[in-house]
Structures are given as C-alpha cells and as structure tokens.
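# Coordinate inspection notes
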Amino acid sequence: MTEIGTTVLGYPRIGPDRELKRSLERYWAGKIDETALLETGRALRTRAWRELKDAGLDSVPSNTFSHYDQVLDTAELFGAFPERFTKLGLTPLDTYFAAARGVQDAPAMEMTKWFDTNYHYIVPELGPDTAFSVAGSKPLDEYREARAIGVETRPVLVGPVTFLLLAKATETAPEGFRPLDLLDNLLDGYVELLRRLHDEGVEWVQFDEPAFAGDRTEPELNALIRAYHRLAKETARPKILVAGYFGGLGRGLGVLARSPIDALAVDLVTDESFVDAVAAEPALRDKEVLAGVVDGRNVWRTDPTRALSRAATLLGTAKSVSVSTSCSLLHVPYDVEREAELHPRLKGWLAFAKQKVDEVVLLGRALKEEGVDLSAARAAATDRATAADLADAGVRARLEALRPEDTVRSPYAQRAAAQQAALDLPPLPSTTIGSFPQTTDVRKARAAHKAGSLDDAGYEAAMKAEIERVIRLQEDLGLDVLVHGEPERNDMVQYFAERLAGFAATDFGWVQSYGSRCVRPPILYGDVSRAEPMTVEWARYAQGLTGKPVKGMLTGPVTILAWSFVRDDQPLGETARQVALAIRDEVHDLQEAGIRVIQVDEPALRELLPLRKAAHEAYFAWAVSSFRLATSGIDDATQIHTHMCYSEFGEVVKAIDALDADVTSIEAARSKMEVVTDLGAAGFGRGVGPGVYDIHSPRVPGVDEVSGLLRTAVGAVPAERIWVNPDCGLKTRGYAEVEPALRNLVAAANAVRSELG
Ligand SMILES: Nc1nc2c(c(=O)[nH]1)N[C@@H](CNc1ccc(C(=O)N[C@@H](CCC(=O)N[C@@H](CCC(=O)N[C@@H](CCC(=O)O)C(=O)O)C(=O)O)C(=O)O)cc1)CN2
Ligand code: MET
Ligand SMILES: [Zn+2]
C-alpha cells in the first residue's frame, strides 16, 4: 500500500458507555487497581480498531487513545514532565495522573481549551533545561497491540511545532525564553521515534499541526519548515502525513506543500475559501491529499454532492486525493443509532462518529468509482434543506421588529445607584458563581426521575430540599448574595436546551471535555424559542426562603451555542439572536418574580473567538449584541452579573467591557489577580469579582491567602466595585472542601472590609 486512502484523523476514546470515565474514577478512588484500568483501555482500543477496519477504511489510526489527554501523552513520551511530579516516586501511571490532576504539594499542570473546542488539554511546562528524549513507548505499544489483533495502523502524534506552540515557559525560565526555542532538541526526539516506528514496520505516521489554523508569525512558519525538512530527510522513517485542521492553513499550506512530506490532510469544512487555496497550490503535485470533507466537529450528515465536489476540485492538483474527516472524531459522540428518543426525521439528518466513518468510506469510493449509490445520503440532505418546519415565523418577526434601543440599558452610574438603593450591599459583597456540589443523591434523584421510578412531585421535593439546605448553608456562612445552587441542572447548557424549542438532547451523546469529565452537547436544529419560564420557579422558591437577595442563574447565548452542536445552514450570529431572545424573556420573568440580581454566564466567550484575527471583529459584534439583547429591557435596579472562567483574558477584555454587565466575575486565583490589573489598565469601570478561591483544586485556601488576594484587587480597582467570589461554580467539588473554603472567603472579605477607610 502506498496511499493512505480513506481514513479518519482520530476517534472517540471515552467508550460508548463512558467505560473509560468510570474506570478512571474508580481507579482514582482506589476501588480498582492499575491492571483493571489498563484492561479497560485495551478493550476500548481493540473494539475501536476492529470497528474502523470492518467499516472498510483503508487506513486505521492508532495512538488516538489516551488515559487523560494527548498533549500530556506527548510530554510523557518525550520525557518532559516537570520535576515536581517525577520526584514523587510514584509509578509511571500515577506520575502521569499527578501531572494531570495535581496532588498535595504538587499542583496540577495548567489545563486550557484545545483551540476553539470544548476539549481541554494539559499545558506542557518547558524551560531552557528541558531535555527531550524518547522516554515512553505508547505509540509503539499501541501499534503492536493493533497488529496483534490483525489491524495495521497509522500512529497519530501531536506535531512537534504545535506541541511547542501549545506549551508555556516554566516560571523560572529567563525572560524572552519561548518553548519554540527547543525545536531542534525536540526534533532529535521525533527523529529517534520515527526510527523506532520504522524498525517496527510502521508504514505511515500522522503528525497533527492544528496550530497552523491560526495566525502564525514568520519564526513560527520557519519552525514548520525546519521541522518537516528535518523529519522527512531521515531515510529510516515511515511515510509522513501532516494534518492541519480547525480551519484553513493560511501560509502553512505552501510551507507544507513544499516540504518533503508524503501526504497532507486538509480541513475542507471549516473555511470554504480554503478549498480554492488548496486547489491552486502547485507544490501539492507530488503529494497525496486527504480531503477532510466529513465534518469531524458537528453531527450533521454530509451532503455528498457538496463533499464530492470539494474533493474533486483537488483531483488535478494533488498526486492523489482520498477522503477523510476534517479533524479527529474525538469531538462527536459514538453512535446515533442508540438514540431511541430522537425524532426519526431529525435522526435521519445526523451522523455521529460511527456513521461518519461509513460516510468517509462511501465518499471515498464515489470519488474513485462510477455508479456508487448515493441516493440515501442525497435524500437526507434534501430533506433537511427543505424542512419548512425548522423556521418559526413568530421568532423571526420578533427579531425583525427589534429596535437599537432594545439592546441598550441606562448609563451605568444611574443603574449602580438604583441597584445600591435596592440591594443595600456592604462593600466587598460576597457571593458564589452559582452551582453547589452536585451530590450523589442529587444525581441519583435525577436518574430515578428520568427512569420513571421517581415521579415529578418526588423529584421536585428532592430538589427543593437541596435548595433549602444550600440557602441555609449560605446564610450560616454569611454570604451576601445567595444562589439556589443549581441542583436541578444536569449541565448548564443541556438544562436550557431541554427546555427550548429548536434543540434536541441525546441520551448517549457523551463527548470528552477533559480527563474523565464528559458533556452531552445538545443538537440545535431549528429556530429557537421558549415555551415557558425555565428557571423562575426554582428561583422564586429560593428567594422565598431568605431575606437576602438570591441571584437568578442563566446561561448566555454564546455559551449555549459553543457547547451545542449548532445548525450550519445559517450564520451563528443569527442563531445567537434567537437564543438571546429566549434568555431575554427569562430575565424579564425572573425580574417579575422578584429576583433582583440575575447572572448570565458566558464562560465560552473566549472559546468561540475565531482562530484568525481577521474574523475577530465580526465575532465580537454578534457575541456582544446577543448578550446585550438577552440582558436589556429591564429596570435599572435589576443587577446583571456575568461570569467567565479562563485565564487568557487579554484578547477579549474589550468585548467583556462592551457586554455592559453590572458585575463580571472572572477566574483569577491561579494567576494571582493578574486580570484585575489588566482590567484596571483597560479602564473597565463596572463591578468585578476576581476569583479568590481556585475551585479546580481540592485545596482549601486559608483566610490570609484570600485576604492577600483581595488586598491586591483593592489596590488595582476601587474597592466599591470589587466583589468577593470563587473562580467558578462548585459543582465538581465536595462539601468537605467547599464549606471551609467559603467560610475562609467570608472571613477574608470581613477582614479586608474592616481595613477600608
Ligand atoms: N457543557 C459544558 N461544558 C463545559 C463546562 C460545563 O459545565 N458544561 N464547564 C467547563 C469544564 N468542563 C466540564 C465538563 C463536564 C463536567 C461534568 O462534571 N460532567 C459530568 C456530567 C454532567 C451531567 O451531565 N450529569 C448528568 C448525568 C449524570 C450521570 O452520569 N448519571 C449517572 C447516573 C446517576 C448516578 O448514579 O450518579 C449515569 O448516567 O451513569 C446529571 O447530573 O443528570 C461528568 O462527566 O461526570 C464538568 C466540567 C467547560 N466546558
Ligand atoms: C463553567 S461556568 C459555570 C457557571 C455556573 N453558574 C456554575 O456555577 O456552575
Ligand atoms: Zn465558570
């Protein structure tokens, strides 16, 4: 075999029934041993390889499995774990988990979003002393394991340049050091690995370089040139496929086309104009091109006419063209056939990972042979494109009728005065971000309700009991603005999607978000509207239990879109306006129910930021206006909060300001309040709640530590605008940590309050 032929760039690994999640969590809890955990992984890999081979793919990927994250795997493979983990004397597997999750005295490595997806990777920490070597053997082991069951595979690796671009410099690295400075040393490691793979008999290897879907500097493009000339120059090596995805490759296309690699995988879904750029690239004439025409990130069935025309455009350009997915299938669920509750017509429009593999095989054949039957795929595409009932004339008319003043609130100073008169809060008011720990009892009650063994009244009573407990706890802790705790929400996006027209939820559509944590992104298929209030009864109940203000809790339009599978038949901004209108109605109803503080979370504002700067302004325009549409048209005295949790804040600071929220809570504890300084410098003039408790760690912060952070904040922003709160919601934590941590947080707020003049 000289060609790669039909393939997928990667496959889900958590297991169709989240087998890996369950095994991991049992292993971490000490309930199973290493052998049992490793066996779960082995069984999942075997099953996936067999499935991919039996489906008829020409080339099957391996090393796409991970016990936590593929970037962390790469750091381990090349011996680049920080010393704080390697010196612990743990087994290799426990050292790996310590790096991912942290242990007492060795805080976890940072975790951040994988490009513009809801998947999170572990950020490598590299310094001038980092010395790479081939320290592990995972790609070799998996290759052998697959061959032992009769499947020849193509090991997939994070490419060297992307790996370095995703890394950060260690804290002790000298000023000016960049991880990319380590390229030559890292390439030594990759060369050695290539040699070992070659000796093993590997024919093709895949290097992922998604970093080139973003804007890259001259030195970064030069690094790409150096890397692939060096790797391809080796004679004892497998053939090299480089995969660029999550968008067009920009100047990276020409660089890779002119490098001596053997094949290039391109994403022909995300950016339509990139198809022409690829077709016009003469240097591809000696390469196999994998046409990524099956969307690896969304769940719609591929329109075969469009897909084939895109792939066929490249036929005259490349040495050969094969069909592939646009990116790894990690980002979609396993199998739509399991979704018994989905409307059959909607189901007919969908393809999850398993179906996408079949699409690749079918389209690959149709590209090379005459007479392949595409009628079923064509009919599905036509049915969806012509489904008139996706449009809701009422929603469209309402949006049409909106005037500019409908998205503008009164000047902030006027609102702030009205809100202070209504709420009478002390300086440095304390609050939380919304969710309290989701106890096993709460989740069990929801599972029982769904299964029918707990009736509506029983479920409602269980949630109300939980809400009352959480309210009493907050009163006891002395917090100033309370929350109901969100026990009724399976997930902050799915909960709303289940209550909005235009969305469908899945039963088994789990997708890995990080480590063992998964989400079931809802499917947004039609015009969105709200039939009835979604959160008001819970909020009214909570407010009725206490004299302190209870904060209403909603998710904003950008985040609802970011964490759903969105329709691809209209601009995202248009869909955002529909979602915003539904949230706006909810905000209005909460106000009518006596809720005086309403938080509209937008943690995904940064995540959806386009990878290329040229698209930023257009994104900010719709993102900001949809938030404002959701949060205006209310009384001056109603206080709007928003919340964001990510540390890379700089690029969106202006947009955050433009949201015009009265109070913005942000992640800040790990970066020691750096964001407050940024905000101060950017002239941000409204309320801000920098997180003073890192909820991603089981550590309980002490009173002095929190007071110290607060004093830093008070030094950077006028005290009357500072709020005291954790970094994010508490749903993934346990009460054993949360209670003392919040007690310390309130004590610190009191201490710093008493120091104010
Ligand atoms: N969509 C989304 N994306 C996000 C976040 C987020 O909150 N939501 N937060 C950021 C970090 N990402 C996260 C992603 C997932 C989780 C998380 O905790 N997920 C839960 C699942 C949450 C859920 O949907 N729970 C359901 C179903 C729970 C479940 O597994 N039930 C059991 C049965 C009940 C039991 O006995 O426990 C089962 O099906 O087996 C519910 O509570 O109803 C998990 O993996 O464990 C946390 C953070 C960024 N992206
Ligand atoms: C990922 S942001 C989470 C915000 C939400 N209100 C919560 O507390 O869980
Ligand atoms: Zn958050």
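Please read these numbers as outputs of a predicted model, since none were measured by experiment. (Residues numbered from 1 in each chain as written. Chains lettered and ligands numbered in written order. Predicted model: local features only at pLDDT ≥ 70, side-chain atom pairs only at ≥ 80, totals over all residues. Heavy atoms only, no water.)

Bringing the overall build of the chain into the picture now. Check the secondary structure of the chain and you find 28 helices and 20 strands. Relative to a compact globule of 757 residues, whose C-alpha radius of gyration would be 27 Å, the chain shows 26 Å and is just as compact. Taking all 757 residues of the chain together, 59% fall into the buried category. Of the contacts made within the chain by residues no fewer than 6 positions apart, 79% connect residues no fewer than 24 positions apart. Summed over its atoms, the accessible surface of the chain is roughly 28800 Å², and 51% of this surface lies on carbon and sulfur atoms. The positive charge centre, built from 86 side chains, and the negative charge centre, built from 111, are 1 Å apart in the chain. (Helix = DSSP H or I, 4+ residues; strand = E, 2+ residues; numbered from the N terminus. Rg over C-alpha atoms; globule rule 2.2 N^0.38 Å. Buried < 20%, exposed > 50% of the residue type's maximum accessible area, 1.4 Å probe, protein only. Contact = heavy atoms within 4.5 Å. Areas by Shrake-Rupley, 256 points an atom, 1.4 Å probe, with all protein chains shown as cover. Lys, Arg positive; Asp, Glu negative; His and termini not counted. Charge placed at Lys NZ, Arg CZ, Asp CG, Glu CD.)

Around the zinc ion (ligand 3), the donor atoms from the protein are His 643 (NE2), Cys 645 (SG) and Cys 728 (SG), and they sit 2.1 to 2.3 Å away. In this structure, the zinc ion (ligand 3) is surrounded by 4 donor atoms whose angles at the metal cover 101 to 125°, and the resulting shape is tetrahedral. Along the chain, the residues that donate to the zinc ion (ligand 3) are spaced as H-x1-C-x82-C. Assessed through its relative accessible area of 21%, Cys 645 is described here as partly exposed. (Donors = N, O, S within 2.8 Å, 3.2 Å for Na, K, Ca; no water. Tetrahedral: all angles 85-135°; square planar, octahedral: opposite > 155°, others 65-115°.)

Here we come to the site of ligand 1. Near ligand 1, the surroundings consist of 25 residues, among which Lys 21, Asn 118, Arg 446, Asp 491 and Lys 731 are the closest. Between Cys 518 and ligand 1, the recorded distance is 2.8 Å, taken from a backbone N or O atom to an oxygen atom. Separating an oxygen atom of ligand 1 from a side-chain N or O atom of Lys 731 is a distance of 2.6 Å. Calculation on ligand 1 without its partners gives an accessible area of 980 Å², and the protein chains cover 79% of this total. Per-element tally for the shell around ligand 1: the top contributor is helix 18 (residues 440–451), with 4 residues. Counted by class, the shell around ligand 1 contains 7 nonpolar, 7 polar and 11 charged residues. Residues lining the shell around ligand 1 come from more than one domain, with at least three contributed by each of domain 1 (19–385) and domain 2 (415–490 + 535–755). (Near = heavy atom within 4 Å. Polar contact = N/O pair within 3.5 Å; in protein donor to acceptor, adjacent residues only side chain to side chain. Nonpolar A, V, L, I, M, F, W, Y, C, P; charged D, E, K, R; others polar. Domains from an automatic or database assignment.)

Our next topic: the site of ligand 2. The full set of residues close to ligand 2 is Ile 433, Gly 434, Ser 435, Glu 486, Met 492, Met 553, Asp 601, Pro 603, His 643, Cys 645, Cys 728 and Gly 729. Ile 433 places a main-chain nitrogen or oxygen 3.1 Å from a nitrogen atom of ligand 2. Separating a nitrogen atom of ligand 2 from a side-chain N or O atom of Asp 601 is a distance of 2.7 Å. Of the residues belonging to the shell around ligand 2, the class tally is 6 nonpolar, 4 polar and 2 charged.

Per the domain assignment, the segments of the chain are domain 1 (19–385) and domain 2 (415–490 + 535–755). Relative placement of domain 1 and domain 2: their C-alpha centres are 35 Å apart. Residue-level contacts link 25 residues of domain 1 with 15 residues of domain 2. Buried surface at the junction of domain 1 and domain 2, summed over both partners, amounts to about 1500 Å²; 45% is from carbon and sulfur atoms. Linking domain 1 with domain 2 are 3 salt bridges, by the criterion used here. Salt-bridge contacts for Lys 113 lead to Glu 607; the nearest nitrogen and oxygen are separated by 2.3 Å. (Buried area = accessible area lost by both parts, 1.4 Å probe. Salt bridge = Lys/Arg side-chain N within 4 Å of Asp/Glu carboxyl O.)

So, on to the UniProt feature "binding site: L-homocysteine" (unreviewed entry) in the chain. As recorded in UniProt, the feature "binding site: L-homocysteine" (unreviewed entry) lies at Ile 433, Gly 434, Ser 435, Glu 486 and Asp 601. These annotated residues cover 169 residues of sequence, and their C-alpha atoms all fall within 12.9 Å of one another, placing them together at a single site. Relative to the helices and strands, Glu 486 resides in the loop between helix 19 (456–477) and helix 20 (494–497). Apart from residues no more than four positions distant in its own chain, Glu 486 is found in contact with Ile 433, Gly 434, Ser 435, Gln 438 and Met 553. Within the secondary structure, Asp 601 is located in strand 17 (residues 597–601). Other than its neighbours up to four places away in sequence, Asp 601 contacts Met 492, Met 553, Leu 554, Thr 555, Gly 556, Thr 559, Thr 642 and His 643. (UniProt positions renumbered as here; feature names shortened; annotations may be inferred.)

Attention now moves to helix 23 (residues 572–592). In this model helix 23 runs 30 Å from its N-terminal to its C-terminal C-alpha over 21 residues, within 8% of the 30 Å that 1.5 Å per residue would give. Counting buried residues along helix 23, 15 of its 21 residues qualify, which places the element largely inside the surrounding structure. Just past helix 23, the residue Gly 594 takes up positive phi, approximately 90°. (Expected span 1.5 Å × (residues − 1).)

What follows is about the UniProt feature "binding site: Zn(2+) 1" (unreviewed entry) in the chain. In the UniProt entry, the feature "binding site: Zn(2+) 1" (unreviewed entry) is given for His 643, Cys 645, Glu 667 and Cys 728. A maximum C-alpha distance of 8.6 Å among these annotated residues, which run over 86 residues, shows that they cluster at one spot. Residues in contact with His 643, not counting those within four places in the same chain, are Ile 433, Gln 599, Val 600, Asp 601, Glu 602, Pro 603, Ser 665, Asp 727 and Cys 728. Here Cys 645 lies in the loop between strand 18 (639–644) and helix 25 (653–658). Residues within four places of Cys 645 in sequence aside, it is in contact with Pro 603, Glu 667, Asp 727 and Cys 728.

All right, on to a nonpolar patch on the surface then. A cluster of nonpolar side chains, namely Leu 88, Leu 90 and Val 103, defines an oily patch on the protein surface of about 210 Å² accessible area. Within the secondary structure, Leu 90 is located in the loop between helix 4 (83–86) and helix 5 (92–101). A relative accessible area of 37% means that Leu 90 is categorised as partly exposed. (Patch = residues over 30% accessible without salt bridge, like charges linked within 9 Å, V, L, I, M, F, W, Y side chains within 5 Å.)

Turning next to the sheet that holds strand 5 (residues 153–158). The strand order 1-5-7-8-9-10-11 describes an open sheet built from 7 strands, whose pairing is parallel. Edge positions in the sheet fall to strand 1 (60–62) and strand 11 (320–325), since each of these pairs with one other strand and no more. Put simply, the sheet's adjacent strands are angled 30° from each other on average, direction ignored. As paired strands, strand 8 (residues 239–243) and strand 9 (residues 263–267) are joined by 3 bridges and run parallel to one another. (Pairing = 2+ DSSP bridges. Axes fitted to C-alpha atoms, helices over the stretch in contact; angles between N-to-C directions.)

What follows concerns the pattern of salt bridges. Counted by the stated rule, this structure contains 60 salt bridges. We note a salt bridge from Lys 168 to Glu 110, for which the minimum N-O separation is 2.9 Å. Of this pair, Lys 168 sits in strand 6 (residues 168–169) while Glu 110 sits in the loop between helix 5 and strand 2 (111–113), and the two are 58 residues apart along the sequence. The exposure class assigned to Glu 110 is partly exposed, which follows from its relative accessible area of 26%.

As for its placement among the helices and strands, Glu 288 is situated in strand 10 (residues 288–294). Here Glu 288 sits buried without a salt bridge, and the closest side chain of opposite charge, Lys 368, lies 5.9 Å off (N-O distance). From its side chain, Glu 288 meets the backbone nitrogen of Gly 5 in a polar contact 3.0 Å long. Contact partners of Glu 288, with chain neighbours within four places excluded, come to Thr 2, Glu 3, Ile 4, Gly 5, Trp 204, Asp 262, Ala 263, Leu 264, Lys 319, Ser 320 and Ser 322.

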